[in-house]
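Working through the structure, step by step
Chain by chain, the residues:
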Amino acid sequence: MRTRLSPIALAVASTLAAAQTETNTQQIERVVITAERRVTVLDTTPAAITALNGARLAERGDTGLADLVMLSPNTSVTNGQGATQLFIRGIGNVFILAGGDPGVALYSDGAYVSDQTSSNTALFDTQRVEILRGPQGALYGRNATGGAMNIISALPTSSFQARLGLLLGSDNRRESEGFVSGPLTPGLEGRFSYQVREADGYTRNPLAEGPRRLDDQSSRAFRAQLQSGLGGNGTLRLVAGHYREHDAGMSVPVLPDPASIPVLLYGVTQSSDPRVVKSQGSSNRVDVNTAQALLEIPVGSNTLSAALSWRRSKVDRLWDSDTTEAAVTTSGFLTGSTDKSIDVHLASDEASPLQWLVGVTALQFDQSQDVSIQTQVPLGFIVPGAPMNLPLPGGVGFLLGGTVHTRSTAAYADLRYTFNPQWSLLAGLRVNHDSKRADEYQNIAAFGLAGTGHPSDGWTSTPGSIGVEYKPVTGTLAYARWAHGFKSGAVNLGALQPDLVKPEKVSSFELGFKTEFLQRRGVFSAAVFSSRYRDMQVSQVGQATTLLANASAARIHGLEVEAAVKPVAPLTLSAGLGLMDPKYTDFTNVDLRNAPITPVNVRGRQLAQASKQQVTLGAEWAGSVGELRTTLRADYSWRSRFYFTEFNTSDAVQGGYGLLNLSATLRPAAGPWKLWAYVRNAGDTTALTSMSIASPLLGAARQVTWTPPRQFAIGASYDF
């Protein structure tokens, strides 16, 4: 069943679902979602979707996108090299510089987030996170070839509510989070939320001249909302937010290599301890401001929705990128962006057999970026036969960047025709036009390279989907869907390439099944899919920086399973399984790190960043001890081996590993306070999460990020 989407209806539906959980603890909770831009129930929505409860994420210690590691089948998230990288079904954000786009579309309260370098800001006062797996081109547009993720904030309330929370943890972690919500005047409600985070960092720097710790945290975030009722059950919601992070930043250690530039020039090397990074200087400043206006009004029996969004961000990072005690390489990254978008759509009610949603949208994204690298290079790299232990006089400075202007407009439709209570036909179509124009520069004075460029291009696409839904009995759903997705072309900003990277296209077929059993003490869902990609965009090693290029073709087959069961009232067991066979089917490239002059055909090799197997297991016990309610939870996630490049070499691979997270809560059956505690990565697993290979001129150094070590915290909150 679908209903039209409105904040009031969503709040009521969420309250009813929560009430049902309290009164019937034998049953698995019914989760209300808005993934199809309508209010639906997760178990009766014909798509592969995982919905994560915001309050439970906070109790687990998930306070940023990078914390949502492997919580959904065939899904991974990492904050590699300062940019959030989301991967769904093997597809994701493979390019962290301006000019490219992610393969997983990220939305915050329905607004598309274009700038991936500043998207891992904060999860606070969050109602829900929805993860949609598979191409979502019809409703979510371009850049959703792998899937989409939507972060949904908690809404203003009609009665007064307030909460204050404090948390203390390892690495001198100090956090506070809270909100106040309720009526301001008759017909006007407000909500103010905040988050403050401080931590000393878990990576030690042994050098006296740099920061004492890396991977520290010093951030402030707030969100203010006003919601007004309009005549005829309409609503207008205004949202403003700010995020600021000023700290030393994350560590990006370089893996030791016997023939690296620091070894050749000065006989020094990087630390082999993942929790020790030598840094002569590091700083990280992120500032993000957002504003949204969300309008929903009835038009007859239909609902008109309009969303106007604005986002401005600035990121300024500086780091020691050779991570040794010698002054070899320093890197700087400065980017700023302005994101403006509008979306207007009209949705029918559910009374008619034909349910429809039609809309138009437009986006304007302008991003400037400057990358600077100052490095020492062995003279022998430049002059054949020259000594390798003498630096090139004056070193080498790389300066490149510019501005990218992106424009996108689209009209879209989503249709559902119900023939009878068992059968429904599904269809969606989007007509989209994208354009990109760049003003770029490159300056490598040591090699006499300098210039500017003004590449531009545009593309018209028609991503869409068609499917069928079958409900043989109450509580059981089967569906089949074919979808076509499109990812915009890209600019390698600063590379002075006249032609833009070609768009990425995908065709995908999916069969899904959802059911409940044991009088809803258990739920089960499964999906099998097959996706074929043309001109897949892949990250490459360039002569100056990382570049984006096209793989000719790739295909991904897979299976996803999610299940939960309550064998007894207090205990809930859950499991997720993701299986994939992700392979390149036509791609020839040169491995500049290992064989710089020999083309390699990688046909049949495993896609970069994609694991073939992934498992999640969860167990939660929720019961009463006297007048107190106690919840104990354990979550284990495991993924198999994955490679960081298409060449599948042993120097760019991470073996299979698992992470165990534990959490507990304690609260009175009817009382205002709550205590909770968590341990993240309880097994203290150390594994690589990302890798970026530098240009051969920089020794093809491997910059990496690691899983955070074991962390623990205890928190308390009080409801007013």
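Model, not experiment: these values are computed from the prediction.

1. Thoughts on the overall build of the chain
Along its length, the chain carries five helices and 43 strands. Taking 2.2 N^0.38 as the reference for a compact globule, 720 residues should give roughly 27 Å; the C-alpha atoms of the chain span a radius of gyration of 25 Å, in line with that estimate. Its C-alpha atoms give the chain principal-axis dimensions of roughly 80 × 55 × 45 Å. Out of the 720 residues belonging to the chain, those deemed buried represent 57%. Total accessible area on the chain stands at roughly 27900 Å², and carbon and sulfur atoms take up 60% of it. Put simply, the chain has 62 plus and 60 minus side-chain charges, and the middle of one group is 4 Å from the middle of the other.

2. Here's the deal with the nonpolar core
Grouped together as the largest cluster of nonpolar side chains are 28 residues, with contacts concentrated most on Tyr-243, Phe-333, Val-371, Val-396 and Phe-398. If you list the elements that add at least two residues to this core, you get strand E19 (282–299), strand E20 (302–320), strand E22 (354–375) and strand E23 (396–418). Examining the composition of this core, we find that three residues originate from one element, E23, more than from any other. Ignoring any residue separated from it by four or fewer positions in sequence, one finds Tyr-243 in contact with Thr-121, Ala-122, Gln-217, Ser-219, Arg-220, Ala-221, Val-286, Asp-287 and Val-288.

3. What to know about the sheet that holds strand E4 (residues 49–53)
Strand order in the open sheet formed by five strands is E4-E10-E11-E8-E9, with mixed pairing between adjacent strands. Either end of the sheet is taken by a strand with one partner, and the two such strands are E4 and strand E9 (111–112). In the sheet, strand E10 (residues 126–133) pairs with strand E11 (residues 147–153) via seven bridges, with the strands oriented antiparallel. If you follow Val-129 over to E11, its bridge partner there is Ile-151.

4. So, the packing of aromatic side chains
All told, the structure shown has eight aromatic pairs when counted by the stated rule. Between Tyr-107 and Tyr-140, the aromatic rings sit 5.1 Å apart at their centres with planes inclined by 70°, giving edge-to-face as the arrangement. You can see Tyr-107 sitting in strand E8 (residues 104–108) and its partner Tyr-140 sitting in helix H3 (residues 137–140), a full 33 residues away along the chain. Across this residue pair, the class does not change: Tyr-107 and Tyr-140 are buried. An aromatic cluster of three or more residues is present, and its members are Tyr-107, Tyr-112 and Tyr-140.

5. Looking at the pattern of salt bridges
Side chains that carry opposite charge are capable of pairing whenever their charged atoms lie near each other. In this structure the tally under the stated criterion is 36 salt bridges. We note a salt bridge from Arg-60 to Asp-62, for which the minimum N-O separation is 2.6 Å. Asp-62 shares its class with Arg-60; the two are buried. A salt bridge links Asp-635 to Arg-633, with the shortest nitrogen-to-oxygen separation between them at 2.9 Å. With relative accessibility at 11%, the residue Asp-635 sits in the buried group. The network of salt bridges with shared partners includes Arg-60, Asp-62, Glu-620, Arg-633, Asp-635 and Arg-680.

6. Looking at the confidence of the model for the chain
When pLDDT is averaged across the chain, the result is 90; 96% of the residues are at 70 or more. Segment residues 1–24 is flagged for pLDDT under 50; beyond a separation of four residues in sequence, or across chains, it makes 48 contacts in the model.

Conventions adopted
- Residues numbered from 1 in each chain as written.
- Predicted model: local features only at pLDDT ≥ 70, side-chain atom pairs only at ≥ 80, totals over all residues.
- Heavy atoms only, no water.
- Helix = DSSP H or I, 4+ residues; strand = E, 2+ residues; numbered from the N terminus.
- Rg over C-alpha atoms; globule rule 2.2 N^0.38 Å.
- Buried < 20%, exposed > 50% of the residue type's maximum accessible area, 1.4 Å probe, protein only.
- Areas by Shrake-Rupley, 256 points an atom, 1.4 Å probe, with all protein chains shown as cover.
- Lys, Arg positive; Asp, Glu negative; His and termini not counted.
- Charge placed at Lys NZ, Arg CZ, Asp CG, Glu CD.
- Core = buried A, V, L, I, M, F, W, Y, C linked by side-chain atoms within 4.5 Å.
- Contact = heavy atoms within 4.5 Å.
- Pairing = 2+ DSSP bridges.
- Phe/Tyr/Trp six-rings, centres within 6.5 Å; stacked < 30°, edge-to-face > 60°.
- Salt bridge = Lys/Arg side-chain N within 4 Å of Asp/Glu carboxyl O.
- pLDDT = per-residue confidence, 0-100.

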